[in-house]
Amino acid sequence: MDYNGGTVLAMAGKNCVVVGSDKRLGVQNLTLSTEFQKVFPVTEKCYIALPGLATDVQTLSELFRLKCNMYKLREEREIEPLTLANMISSTLYGRRFGPYFCEPIIAGLDKNNKPHIYGMDLIGCLNFPDDFAVAGCAEAALFGMCESLWEPDLEPDELFETASQALLSAADRNSIVGWGAVIHTM
Amino acid sequence: MEFLLGMTGKDFTLTISDTAATRSIIVFKNDEDKSLELNKHVLMLYSGSPGDTLHFAEYIQRNVKLYEIKNGIELTPKATATFTRREMATSLRSRKPYNVNLLIAGYDVTTSLPHLYWIDHLGTNATMPYAAHGYGAFYTLGILDKYHRPDISLDEAKAIAKKCIEELKTRFFINLSGFKVKVSDKDGIREIEI
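None of the values given here were measured: they were computed from a predicted structure. Every residue gets a number counted from 1 within its own chain, in the order that chain's sequence is written. To read the labels, note that chains go from A and ligands from 1, taken in the order they are written. Reporting of local features is limited, given that this is a predicted model, to residues whose pLDDT is at least 70; pairs of side-chain atoms are given and counted only at 80 or more, and all residues count toward the totals for whole chains, interfaces and linings. Heavy atoms throughout the structure, all of them, feed into the side-chain values; hydrogens and water do not.

**Student:** Looking at this structure, I do not really get the overall build of chain A. What am I missing?
**Tutor:** Across its full length, chain A holds four helices and 11 strands. In terms of overall size, chain A behaves like a compact globule, its C-alpha atoms giving a radius of gyration of 15 Å where 186 residues would be expected to give roughly 16 Å. By residue count, 53% of the 186 residues in chain A fall in the buried class. Within chain A, counting contacts between residues at least 6 apart in sequence, those at least 24 apart form 62% of the total. Only the protein chains shown count as cover for residues, with accessible areas throughout obtained via the Shrake-Rupley method and a probe of 1.4 Å. On chain A, roughly 8,800 Å² of surface is accessible, and the fraction owed to carbon and sulfur atoms is 50%. Positive charges are assigned to Lys and Arg, negative charges to Asp and Glu, while His and the chain termini are left out of the count. By convention, the point assigned to a charge is CZ for Arg, NZ for Lys, CD for Glu and CG for Asp. The positive charge centre, built from 15 side chains, and the negative charge centre, built from 24, are 8 Å apart in chain A. For helices the rule is a DSSP run of H or I covering at least 4 residues; for strands it is a run of E covering at least 2, with both sets numbered from the N terminus onward. Restricting the calculation to C-alpha atoms gives the radius of gyration, and the globule rule supplies 2.2 Å times the number of residues raised to the power 0.38. For every residue, the accessible area (1.4 Å probe, protein chains only) is compared with the maximum for its type, and the residue is labelled buried under 20%, exposed over 50%, or partly exposed between those bounds. Whether two residues are in contact is decided by their heavy atoms: any pair within 4.5 Å suffices.

**Student:** Mind showing me how you'd approach the packing of aromatic side chains here?
**Tutor:** What describes a pair of aromatic rings is the distance from one ring centre to the other and the angle between the planes of the rings. Residue and element names in this part refer to chain A. Stacked, tilted and edge-to-face are the three classes assigned to paired rings of Phe, Tyr and Trp, where Trp is represented by its six-membered ring and a pair needs centres within 6.5 Å; plane angles under 30 degrees give stacked, over 60 edge-to-face, the rest tilted. Here the structure, examined in full by the defined rule, presents eight aromatic pairs over all chains. Ring geometry for Y118 and F128: centres 5.6 Å apart, planes at 85°, overall edge-to-face. With Y118 in strand β8 (residues 115-120) and F128 in the loop between β9 (126-127) and β10 (132-136), the pair connects residues that are 10 residues apart, well separated along the chain. By relative accessible area, which is 52% here, F128 ends up exposed. With a centroid separation of 6.2 Å and 70° between ring planes, the pair formed by F132 and W150 is classed as edge-to-face.

**Student:** Is there a simple way to explain helix α4 (residues 156-172) of chain A in this structure?
**Tutor:** Along an α-helix, a turn takes 3.6 residues, which lines up residues three or four apart on a common side. A helix's residues, less one, multiplied by 1.5 Å, set its expected span. Its 17 residues place the ends of α4(A) 24 Å apart at the C-alpha level, agreeing with the 24 Å of an ideal helix rising 1.5 Å per residue. Along α4(A), the residues classified as buried are A:L159, A:T162, A:A163, A:S164, A:A166, A:L167, A:A170 and A:A171.

**Student:** Even after reading the chapter, I still don't get the interface of chain B and chain A, so can you show me in this structure?
**Tutor:** Buried accessible area, meaning the area lost when the parts come together, often serves as the stated size of an interface. Of the residues lining the interface, 17 residues belong to chain B; the matching set on chain A comes to 19 residues. Contact between chain B and chain A buries roughly 1,300 Å² in total, counting both sides, with carbon and sulfur atoms accounting for 57%. Considering only the side of chain B, the residues that lose the most area to chain A are B:R85, B:R93 and B:T124, jointly responsible for 36% of the buried surface there. Should a side-chain nitrogen of Lys or Arg be within 4 Å of a carboxyl oxygen of Asp or Glu, the pair is scored as a salt bridge. Counting the contacts that link chain B with chain A gives three salt bridges. B:R86 is the salt-bridge partner of A:E62, the closest N and O atoms lying 3.0 Å from each other. In protein, a polar contact means a hydrogen-donor-capable atom and an acceptor-capable atom, both N or O and within 3.5 Å, with residues adjacent in sequence counting only if both atoms are side-chain atoms; elsewhere, any N or O pair within 3.5 Å suffices. Taken together, the connections running from chain B to chain A amount to eight residue pairs in polar contact (both at pLDDT 80 or more). In short, buried area is how much 1.4 Å probe accessible area vanishes from two parts on joining, totalled over both.

**Student:** Would you take a moment to explain the environment of A:T55 for this structure?
**Tutor:** The residue A:T55 is located in helix α1 (residues 54-75) in this model. C-alpha of A:T55 to C-alpha of A:C102: the two residues are 47 residues apart in sequence and 9.6 Å apart in space. Contacts of A:T55, omitting those with residues within four sequence positions, involve B:R85, B:A89, B:L92, B:L122, B:G123 and B:T124.

**Student:** Looking at this structure, I do not really get a nonpolar patch on the surface. What am I missing?
**Tutor:** Patch membership is restricted to residues that have no salt bridge and whose relative accessible area is over 30%. Joining uses 9 Å for like charges and 5 Å for the nonpolar side chains Val, Leu, Ile, Met, Phe, Trp and Tyr. A grouping of B:M1, B:Y135, B:F138 and B:F173 is seen on the molecular surface, where their side chains present a nonpolar patch of about 540 Å² in accessible area. Given the relative accessible area of 56%, B:F138 is considered exposed.

**Student:** Explanation requested: the sheet that holds strand β8 (residues 113-119) of chain B in the structure shown.
**Tutor:** Each strand in a sheet pairs with another by means of backbone hydrogen bonds, the pair being arranged parallel or else antiparallel. All names here are of chain B. When DSSP finds two or more bridges between two strands, those strands count as paired. Strand order in the open sheet made by the five strands is β5-β6-β7-β8-β9, with antiparallel pairing throughout. Every other strand in the sheet has two partners, leaving β5 (35-37) and β9 (125-127) as the edge strands with one partner each. Neighbour-to-neighbour, the strand axes of the sheet open up by a mean angle of 20°, direction not taken into account. Both strand β6 (residues 42-48) and strand β7 (residues 100-108) contribute to a ladder of seven bridges, which runs antiparallel. Within β7, the residue paired with Y46 across the bridge is L102. Note on definitions: angles span 0 to 180 degrees between N-to-C directions of axes, and those axes are lines fitted to C-alpha atoms, for helices only across the stretch in contact. The strands that helix α2 (residues 77-92) touches are β6, β7, β8 and β9; relative to β7, the one it contacts most, it runs at about 165°.

**Student:** Help me understand the sheet that holds strand β10 (residues 130-133) of chain B, please; the structure alone is not making it clear to me.
**Tutor:** All names here are of chain B. Strand order in this open sheet of five strands is β10-β1-β2-β11-β12, and the pairing throughout is antiparallel. The strands lining the two open edges of the sheet, one partner per strand, are β10 and β12 (188-192). The mean inter-strand angle of the sheet, taken between neighbouring strand axes irrespective of direction, is 15°. Packing of helix α3 (residues 136-147) onto the sheet brings it into contact with β1 (4-8) and β10, and relative to β10 it is tilted by some 170°. Contacts from helix α4 (residues 154-171) reach β1, β2 (12-18), β11 (179-185) and β12, with the element oriented near 20° to β2.

**Student:** For this particular structure, what's the right way to read the pattern of salt bridges?
**Tutor:** Two side chains of opposite charge can pair, provided their charged atoms sit close to one another. Inspection of the entire model under this criterion finds 19 salt bridges over all chains. Among the charged side chains, a network of salt bridges with common partners joins A:E62, B:R85 and B:R86.

**Student:** In this structure, what is going on with the pairing of β8(B)? I would like to understand it.
**Tutor:** Along a regular strand, successive side chains alternate from one face of the sheet to the other. Residue and element names in this part refer to chain B. With six of seven residues buried, β8 is to be regarded as a mostly interior element. Two elements, β7 and β8, share seven bridges in a ladder whose sense is antiparallel. Paired with I104 across the bridge in β8 is Y117. Counting the residues between successive antiparallel strands, the hairpin from β7 to β8 contains four residues, one of them, S112, with a positive phi of roughly 55°. Two strands pair when backbone bridges link them, and β8 and β9 are joined in this way by three bridges, in the antiparallel orientation. Along β9, the bridge assignment pairs I119 with N125. Where β8 folds back onto β9 in an antiparallel hairpin, the turn is made up of five residues, including G123, whose phi is positive at roughly 95°.

Remember, this is a structural readout, not a statement about activity or role.
Listed below in structure tokens is the structure:
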């Protein structure tokens, strides 16, 4: 989990949700890239954030893209956040004794535009927070930042600012996290 | 102790690889070419366990060629890198994974852009303006941070490559015996002297 660096977070607001990550890819303390994608769109209103071992981040993003495209073709509708979270959870548990080293966070709005945030560990044990979810190398620092900055019913702009400040402050305290960040607002 | 480096320029990709074939503390050979041409415009550089390296590289090269014969198209650098990453990631969770690090350097004739992909033995694929594998990365990435721009000419790239090699010769405690420099551009792949 600490080999390539990287961290992600998601926060819920009033009828809105944000998800973000840093952009660093490294091998331990050697930074290789500052443009590495860790947050992947699934639908217009749902994103998966994948922190952890970079090879598994890429393998899983490709696998989930395949599964979501197949779902869309079979069901003729977009996947809902809760359905997606359960699909990811069972995919990870399918590798219970040889796991992918990745702790996904799912953030999105359902068909009634209600915010949803899900977190899970590397074998797919789901978490259902109403406020925020964090994962990756700066998880501990992010918990502290989110705990002090987040408040209920934030508007999209305020939520974006809160998440940005939490992510940047946490990233600054961790040497293998940072080098730019990205936040998606829904 | 092996060293691979690549950098993109305005309309080309330049690569450097060391030429020492070693086992433990013995140098067997001083003119080893650690690269394979996947097609006319895409070059793959490899380092890692001897045996694994050439076996994996040839496996990729032949599958790329097979795909191109079957479908009558030339694969882009991105397509070859994506395919190679997938094979490496599959191998990672097999009984005996390949211990090979790769750089895929090429020129995309469909968009007229140079490309460079960094792939490690775990199957991490990252696209970068300049990249390196091995201990040499610690010495050379700083030089590239300072001097590299996305629009450099071939002469400028050669000058930066020279600086990188000089740095290795002065600061790296192992004397790498030689380097092969290759360029991939619209005319294909060729070896150059710097």
